[in-house]
Amino acid sequence: MSRRFATNTNIQGVAYLSPDGDPLWFSLGKGGDELIPTVYTLWKKYDLLPCITTPAAVVPVLMGRADLMIPGVVQIPQSQTMAPPQLVAIAQYIKDSQTTRGPPLAVGHLAADLGRLKAGGKGKAVHLLHSWKDCLFNVGSKIDPPEVLVESDEPSAEAEEDDADPHVDPAPKHLVQRSRPAPQFSKEGELHLDSCRDVILSRTEVSTILCDAVLQAIRCTVKSLPTASFPIPAGTFYSSYILPYRPASFRRPVPGPGDSSAPSGNDSGASEYPLIDIKHSTYKSLAAFLKILDKQGILTIKDMKPEPLVMSVNASHSEAISHTPYESLHDIQREEEKREKREEEEKARVQEMEIKELWKPHTPSGSGRFFSEGGFDPSALYTYAELEATVVKYVTARRLVNVHDQSYVNVNQDEVLHSTVARKNESGESLQILKREEVVRRLSKKMQNWYEIRAAGREPLLRKGELKPISVVANTRQGRRANTRWGRRANTLISGFEPFLLEAETMAEELRRICACSTGVSPLPREAMRSEVLVQGKQIKAVTNFLLSKGVPKKWIKTAGSTGKK
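Residues numbered from 1 in each chain as written. Predicted model: local features only at pLDDT ≥ 70, side-chain atom pairs only at ≥ 80, totals over all residues. Heavy atoms only, no water.

Trainee: Help me understand helix α14 (residues 504–515) in this model?
Mentor: One full turn of an α-helix is made of 3.6 residues, so residues set three or four places apart face in the same direction. With 12 residues, α14 should reach 16 Å at 1.5 Å per residue; the first-to-last C-alpha distance of 16 Å fits that figure. All of the buried residues along α14 are A504, M507, A508, L511 and C515. End-on view of α14: buried residues confined to an arc of 95°, all on one side of the axis. With respect to the buried face of α14, the exposed residues turned more than 90 degrees away are E505 and R513. Just downstream of α14, A516 is the residue with a positive phi angle, here 55°. (Helix = DSSP H or I, 4+ residues; strand = E, 2+ residues; numbered from the N terminus. Expected span 1.5 Å × (residues − 1). Buried < 20%, exposed > 50% of the residue type's maximum accessible area, 1.4 Å probe, protein only. Arc of directions from axis to C-beta.)

Shown next, in the form of structure tokens:
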């Protein structure tokens, strides 16, 4: 059993359901051939995908449809060969355990290679596709994740065996923990959390940061939300407007030599990044935290079951007004998304073909004599601009410029030039002067046409003949059932694409996928080695965009509708 759906970004998809109605697999995009398992499937077979673990504090952020960032990665499977955009599962990291982890809670495409994940830093680790408690999950039975922790028995792959104690059982090495850098302080005493993920903050410090995060969210985002956005469930408010607005750095005094108040490292060797959450604060629970904010007048809540509701926020509160905005994790993620978007746009930017129309002197047509006697190379290929320069040099050297109007040339004063540009019915008396542009145009007509095409990653193509634009024509033909509304069938025909380094079969296959319709290839009558691609329906815009994506300049695409109008 299958069901079609659309994502919040309007991407079409298909979900494949079990007899009980639980979505087990899904695919994205029209004709998408990648089957993606849901968490329902992964809970039945936890080793179906490579698994990345992340701290418990990050899980609510993932439930809010955010991608997993590299700083939130704790363990990665070393024994498997992983490379973007491979499918991976995301599970909760279990502190002080090398052999177990929580059940998979999300699925996505790997966004960074293993080297970047091990080295740490900034950027996205996984582009999220599906998670526990999302809309696709809610189609099913909405069961809770298994409480049984997953134990892995994959072979080890890390190498620090020389220093291992032979009397101690080695920990499984397929779960690789990245080394953590020591805490780094700026000159002003600013502790950067993304480089100090093992630093232990006091509960008071965590509480202060969470309060600042609420004020930051109100100042930057929540105050601009429409009234219809409220009420907001407490869990949603926490994952969408508190955790993302935590500061990217935390200011504390610079520790001096031997200062015992300096932050200590986490000797467990595991990272609970970030350690700034409700559980590590003085409030202990989200409901208690929101009640305190309600008493302070920063926001208004309504105590409901199963969780409180945030009814409104007070943007005019004195603390909200006096709050000094800072760089938050949300800002960093937004900048990272902008950077990735720019990179994707750079990759998507197609390098346009470089097309040159060329002309070669042709002795039988009379142009060869003009170039020979003018002192120009009769075997060279000339662009149109070079032809104009050649004519200027010729008429200037022979003083053929008209004295009354210098845009005209006295062609009757030079026998070679006259014989080159004169038509059959034009004599010396009837053809005395011509505009310089007309001289160049008539000269080009007496020459051979050539063209050169240069495309990225291809050898330059130089051929004789006149290059014509690709023809894209949409027409309607009468079907067999003329008396019904289905009697007239629209098609789009594409021809003349071979000189532009395009192949008919490849074009037909790609257009079939892009337009989601039937395509075909047929030879053109009386034209050897030429074909015509037929696309079902009026697809002029889609075909034009396809040709542009292949680097064909727009000026070399000629379109026409069923009436023949351009």
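Trainee: Help me understand the environment of I540, please; the structure alone is not making it clear to me.
Mentor: For I540, the location among the structural elements is in helix α15 (residues 540–549). I540 has contacts with V472, A474, T492, T559, A560 and G561, leaving out every residue within four places of it along the chain. (Contact = heavy atoms within 4.5 Å.)

Trainee: Is there a simple way to think about unusual backbone geometry in this case?
Mentor: The phi angle of most residues is negative, glycine excepted, and most peptide bonds adopt the trans form. Here the amide bond leading from P84 into P85 is cis, since omega sits at 0°, within 30 degrees of zero. With respect to the secondary-structure elements, P85 resides in the loop between β7 (75–77) and β8 (87–92). Positioned with a positive phi, K133 is a non-glycine residue whose angle comes to about 75°. With respect to the element layout, K133 can be found in the loop between β11 (124–131) and α4 (135–138). By relative accessible area, K133 is classed as exposed at 53%. Unlike most non-glycine residues, K142 shows phi in positive territory, near 60°.

Trainee: How should I be thinking about the packing of helix α11 (residues 384–397) against helix α13 (residues 436–445) in this particular structure?
Mentor: Two measures define how a pair of helices packs: the angle their axes make with one another and the distance between the axes. Viewed as axis vectors pointing N to C, α11 and α13 meet at an angle of 120°, and their least axial separation amounts to 10 Å. Comparing their axes, α13 and α11 come out oblique. Judged by the sense of rotation from one axis to the other, the crossing of α11 with α13 is right-handed. Contacts from Y384, L387, E388, V391 and V392 in α11 reach R436, E437, V439, V440, R441, L443 and S444 in α13. Its residues assigned to classes, the contact of α11 with α13 comprises seven nonpolar, one polar and four charged. (Axes fitted to C-alpha atoms, helices over the stretch in contact; angles between N-to-C directions. Parallel < 35°, antiparallel > 145°, perpendicular 65-115°, else oblique. Left-handed = near helix turned anticlockwise from the far one by under 90°. Nonpolar A, V, L, I, M, F, W, Y, C, P; charged D, E, K, R; others polar.)

Trainee: For this particular structure, what's the right way to read the side chain of S328?
Mentor: If you trace the backbone, S328 turns up in the loop between α8 (318–322) and α9 (329–348). For S328, a relative accessible area of 0% corresponds to the buried category. Ignoring anything within four residues of it in the chain, the contact list for S328 reads Q216, P244, Y245, R246, P247 and A248.

Purely geometric numbers; function is a separate question.
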